[in-house]
Amino acid sequence: MPKKEKDYERQKKVFKTMVEKDHLNGYCCECGAKGPQWASTNLGVFLCQRCSGIHRNLGTHISKVKSLTLDNWTTEQLEEFQSLGGNSSSNQKYFGSIQPRPTPLSNSDM
């Protein structure tokens, strides 16, 4: 198996394991859309396509967005992402007990 295929399989396994450990990782951490295909590597959250665009517009100094399937992740990025704990940990850190959680607005929603 070529190196890139091995890397992709490893990536896929990490993401699958994270979803199995916490079902909330199977949803966008921002809006709750099912089956996110993007992530913020430095915040440790899974994102849908719409919310990934919003995060990209924040700038890489705030949120570094990568595709779960289209981009190659380094071992360091995968380890860092896993260590952040996923959606539940991030939402607890940034929102605490705020209910309901605010939903992001894009510039086109304003």
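It should be noted that the structure appears before, not after, this text.
Each chain carries its own residue numbering, running from 1 in the direction its sequence is written. A pLDDT threshold of at least 70 governs which residues receive local features in this predicted model, and a stricter bar of 80 or more applies before side-chain atom pairs are shown or counted, although totals over entire chains, interfaces and linings include all residues. Side-chain calculation: all heavy atoms of the structure are included, whereas hydrogens and water are not.

Student: Got a sec to walk through the overall build of the protein chain? Specific residues and values, please.
Tutor: Strands here mean DSSP runs of E at least two residues long; helices mean DSSP runs of H or I at least four residues long; both are numbered from the N terminus. Within the protein chain one finds four helices and three strands. Mapped in sequence order, the helices and strands of the protein chain form the string α-β-β-α-β-α-α. Whether a residue is buried, partly exposed or exposed follows from its accessible area with a 1.4 Å probe, protein chains only, as a fraction of its type maximum: under 20%, in between, or over 50%, in that order. Taken over 110 residues, the protein chain has a buried fraction of 36%. Expressed as a percentage of contacts within the protein chain between residues at least 6 apart in sequence, the contacts between residues at least 24 apart total 57%. Put simply, the protein chain shows about 7000 Å² of open surface, and 54% of that area lies on carbon and sulfur atoms. It only takes one pair of heavy atoms within 4.5 Å for two residues to be counted as in contact. Under the convention used here, a 1.4 Å probe and the Shrake-Rupley method define accessible areas, while residue burial counts only the protein chains that appear.

Student: Summarise the sheet that holds strand E2 (residues 45–47); cite the residues concerned and give the values.
Tutor: Taken in spatial order, the three strands make up an open sheet running E2-E1-E3, and their pairing is antiparallel. Only two strands of the sheet have a single partner each, and these edge strands are E2 and strand E3 (65–67). With direction set aside, neighbouring strand axes in the sheet form an average angle of 35°. The pairing criterion is simple: DSSP has to find at least two bridges between the two strands. Across three bridges, the pairing between strand E1 (residues 38–40) and E2 is antiparallel. Comment: axis = line fitted to C-alpha atoms, over the contacting stretch for helices; angle = value between 0 and 180 degrees taken between N-to-C directions.

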